[in-house]
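In case you want the letters, here they are:
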Amino acid sequence: MGVNQLVVDGVSLSFGGVDALRDVSLTVRQGDIHAVIGPNGAGKTSLLNCTSGLYRPQAGSIAYHQADATTELTRTRPDRVAALGVARSFQNIELFRHLTVLDNLMLGRHTRMRHSLAAALAWFGPARRQELEHREVVEEIIDLLEIQLHRHAPVGALSYGIQKRVELGRALALEPGLLLLDEPMAGMNTEEKEDMARFVLDVNELKGVTCVLIEHDMDVVMDISDRVTVLNFGQVIGDGTPDEVSGSPAVIEAYLGSEAATEGVA
Amino acid sequence: MTPATGVFHRTYGSELRLRTTTAAQVRLVLAVVALVVAPFVITPYWMTVAIQVGIAAIGALGLNILTGFTGQISLGHGGFLAVGAYTSALLVTRLGLPTGVTVLAAIVVTAAVGALFGLPALRLKGLYLAIATLAAQQIILWVVRNTTWLTGGTGSVFVDYPTIAGFRFDNDFRWYWVVLACAAVATMVARNLFRVGIGRAFMAIRDQDIAAEAIGVNLTRYKVLAFAVSSGFAGLAGALTAHWTQIVTWERFTLSVSILYLAMIIVGGLSSIVGSLMGAAFMIIVPALLTQGAQSLEGSFLSRQLPAVELFVFGLVIVLFLIFEPRGLARMWQRTKDYLRLWPFRY
């Protein structure tokens, strides 16, 4: 605990004339649930996309520290980032919709499988043994997320809440060291949000996975996160514990308007 | 996809088996018996058709791996068949290599050419990729028609029937077994591919390529691999065509052939192994039936307008499938199996 795991330093990203991120710096400590909040369009998802290698920021660095090595993520391909143990979910569910829940989760094991074309074509012992080994890991995740019923269902046919859970499961199947969750509770009712929050806490506590969480529901954020970073118009305007952040005038201004800030309403 | 009702497994291993019910095993035995008995009872005309079906099935499996399973549309399949046919035929006629070796070489060379023409897929999707693969088709045909040192400027290569281990494959009865064996191996290989991680990665790219990349699938490697594997199948089909017909001409591998193969996998069922086989059989047997019908009705409208009727039926079949059963013959077959399994109950 307490070791810096992800250090974002001075990251700037622009699309033409639009600055999505301007000199963003933040530090995620190992074992934390680190929330990133901010109004729509503040650059939260862009930040995750830079971290997982999907976007290349024009300036700055994102260092991912592991016990034995440090990797610069801004110069790493997305599939290499995943192989380092950085898994993510997407804001608008991006599952493999024609595949079953099981196959989706098995894809989470992709980086941990060895893929030999010859063995695959012939269905040799190693290919088969590997399928069985990884199946056991995947079954544990199915148990954890309570989706046993849907194991063989094509994900496209499942309800929204279950799909969100499957997407978390796919990320977990990677056995990540760092989990990037992009609005895992968006569009859910209170009960589903509670379930999802419980899963995130379980993963964080039982498996010791560091989580970066983008979320709009302030109650959830304040309840479960250890640290909070606030973005507005691509800039960091607040960073600290949930209490520190919710008392910060700049944050209140961004969320409630400048009048509220001067009156000291929190 | 969804497991059959009332079929339970006690181990993950038993779930991974291809045939888990008695009915499935009985069906396999029946199919094998039918395929073994067929050459002894069918007429020479239908023997030719059967061999064509076998070769087309190999090609259709290849295209389905690329287009159905990996989601990379290709209009270049005819071109890849040509690469296989010319490679094998030229290696026999120019270098005098044994046919078994040249067929293997054809698979490897076509896979390499396919991988090369698959490179645009790293940047292009959908319609744009269709145009890029169309370019592959045209480039390959241009090369075989216009490089005099390769094909003598006529685009044709003649090759004698092969003799393997003192056994001369010079009639359709013998070729039937060769093609059957090749098609059986191709089917097994394709089936195996989608039981493991590589096949899953292909399907992940089809469904959601960005998510596939974010979960660790190397898009470059797997897209190129899909093109290579698919073209390998085309190479085998092309090489078999060359040695069976004893002549390789570019007219056999035009754009309309690429479209015929797309029609096979649409009619058969995209991303279905058994669908590839059914689609190939369907698209070869229907014109064969029309031809037979035209011969027996000498002087009728059908026999006078056979080419036009064939085209019309070709179009009609595709339209009807797209409207009524977009998932093709494979889906109809699945429904039939379900019906029979549950009979006399509805569900």
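Structural data are supplied above this passage.
About the thresholds
Residues numbered from 1 in each chain as written. Chains lettered and ligands numbered in written order. Predicted model: local features only at pLDDT ≥ 70, side-chain atom pairs only at ≥ 80, totals over all residues. Heavy atoms only, no water. Contact = heavy atoms within 4.5 Å. Buried area = accessible area lost by both parts, 1.4 Å probe. Salt bridge = Lys/Arg side-chain N within 4 Å of Asp/Glu carboxyl O. Polar contact = N/O pair within 3.5 Å; in protein donor to acceptor, adjacent residues only side chain to side chain. Helix = DSSP H or I, 4+ residues; strand = E, 2+ residues; numbered from the N terminus. Pairing = 2+ DSSP bridges. Axes fitted to C-alpha atoms, helices over the stretch in contact; angles between N-to-C directions. Patch = residues over 30% accessible without salt bridge, like charges linked within 9 Å, V, L, I, M, F, W, Y side chains within 5 Å. Areas by Shrake-Rupley, 256 points an atom, 1.4 Å probe, with all protein chains shown as cover. Buried < 20%, exposed > 50% of the residue type's maximum accessible area, 1.4 Å probe, protein only. Phe/Tyr/Trp six-rings, centres within 6.5 Å; stacked < 30°, edge-to-face > 60°. Core = buried A, V, L, I, M, F, W, Y, C linked by side-chain atoms within 4.5 Å. Left-handed = near helix turned anticlockwise from the far one by under 90°. Nonpolar A, V, L, I, M, F, W, Y, C, P; charged D, E, K, R; others polar.

Moving on: the interface of chain B and chain A. Taken together, the contact pairs 34 residues of chain B with 39 residues of chain A. Interface area, chain B with chain A, both sides summed: about 3400 Å², of which 67% is carbon and sulfur. One can count three salt bridges joining chain B with chain A. Of the charged contacts, one joins Asp103(A) and Arg200(B) as a salt bridge, the two residues approaching to 3.8 Å between their closest N and O atoms. Scanning the region where chain B abuts chain A turns up nine residue pairs in polar contact (both at pLDDT 80 or more). Going through the elements one at a time, α1 (12–16), α8 (172–193), α9 (197–207), α10 (209–214) and α11 (219–245) of chain B are the ones with two or more residues in the side of chain B that touches chain A. Looking at which element gives the most residues to the side of chain B that touches chain A, the answer is α9(B), with eight residues.

All right, on to the sheet that holds strand β4 (residues 59–65) of chain A then. All names here are of chain A. Within the open sheet, the four strands sit side by side as β2-β1-β4-β5. Their pairing is antiparallel. Here the strands that pair on one side only, and so sit at the sheet edges, are β2 (18–29) and β5 (70–72). Going across the sheet, the axis of each strand differs from the next one's by a mean of 20°, ignoring polarity. Inspection of the sheet shows strand β1 (residues 4–15) paired to β2 by eight bridges, in the antiparallel sense. Looking at β2, one finds that phenylalanine 15 is bridged to valine 18.

All names here are of chain B. A contiguous nonpolar patch, built from Leu28, Val29, Val32, Val33, Val36, Val37, Phe40, Val41 and Phe173 and spanning about 780 Å² of accessible area, is present on the exposed surface. Counting residues per element, the nonpolar patch draws most heavily on helix α2 (residues 22–41), which supplies eight residues. Considering the arrangement of structural elements, one finds leucine 28 in helix α2. A relative accessible area of 37% means that leucine 28 is categorised as partly exposed.

With that settled, consider the packing of aromatic side chains. Residues and elements named next belong to chain B. Going through the model one piece at a time under the given rule, you end up with 14 aromatic pairs over all chains. A centroid spacing of 5.4 Å and a plane angle of 70° characterise the contact between phenylalanine 167 and phenylalanine 169, whose relative ring orientation is edge-to-face. Phenylalanine 169 sits in the buried class, given a relative accessible area of 15%. Consider the rings of phenylalanine 202 and tyrosine 222, whose centres lie 6.2 Å apart with planes at 75°: the pair is edge-to-face. Here tyrosine 222 lies in helix α11 and phenylalanine 202 lies in helix α9, a separation of 20 residues in the sequence. For the pair formed by phenylalanine 202 and tyrosine 222, the shared burial category is buried.

With 108 residues, the main nonpolar core has Ile58(B) and Phe233(B) as its most contacted residues. No other element matches helix α3 (residues 44–69) of chain B, which puts 14 residues into this core. Contact partners of Ile58(B), with chain neighbours within four places excluded, come to Cys182(B), Ala183(B), Ala186(B), Phe233(B), Leu236(B), Ala237(B) and Leu240(B). Core analysis: the next-biggest nonpolar cluster, separate from the first, contains 38 residues, Ile93(A), Leu105(A), Ile162(A) and Leu168(A) among them.

Applying the stated criterion across every chain, the model contains 22 salt bridges over all chains. In this structure, Arg135(A) and Glu15(B) form a salt bridge, with 2.7 Å as the shortest nitrogen-oxygen distance. Here Arg135(A) is found in helix α5 (residues 125–145), whereas its partner Glu15(B) is found in helix α1 on a different chain.

Before going further, it helps to spend a moment on the packing of helix α4 (residues 77–95) of chain B against helix α6 (residues 126–146) of chain B. All names here are of chain B. Taken N-terminus to C-terminus, the directions of α4 and α6 make an angle of 35°; their axes are 7 Å apart at the nearest point. For the pair α4 and α6, the sense of crossing is left-handed. Contact with α4, carried on its side by His77, Gly78, Gly79, Phe80, Ala82, Val83 and Tyr86, involves Gln137, Ile140, Leu141 and Val144 of α6 and no other residues of that element. Of the residues contributing to the contact of α4 with α6, the split by class is seven nonpolar, four polar and no charged.

With that settled, consider the environment of Ala67(A). Note that Ala67(A) resides in the loop between β4 and β5. With 62 residues separating them along the chain, Ala67(A) and Gln5(A) place their C-alpha atoms 9.3 Å apart.

Residue and element names in this part refer to chain A. With six of six residues buried, strand β9 (residues 227–232) lies mostly within the body of the structure. Burial of β9 is two-sided: the residues Arg227, Thr229 and Leu231 facing one way and the residues Val228, Val230 and Asn232 facing the other way are all buried. Inspection of the sheet shows strand β3 (residues 33–37) paired to β9 by four bridges, in the parallel sense. The residue of β9 that forms the bridge with alanine 35 is valine 228. Here β9 runs beside strand β10 (residues 235–240); their pairing, made up of five bridges, is antiparallel. Residue valine 230 lies in a different strand from β10, and its bridge partner there is glycine 238. Taken together, β9 and the strand that follows it, β10, pair antiparallel across an intervening segment of two residues, in which phenylalanine 233 is found at a positive phi of about 45°.

Purely geometric stuff here, so don't read any function into it on its own.
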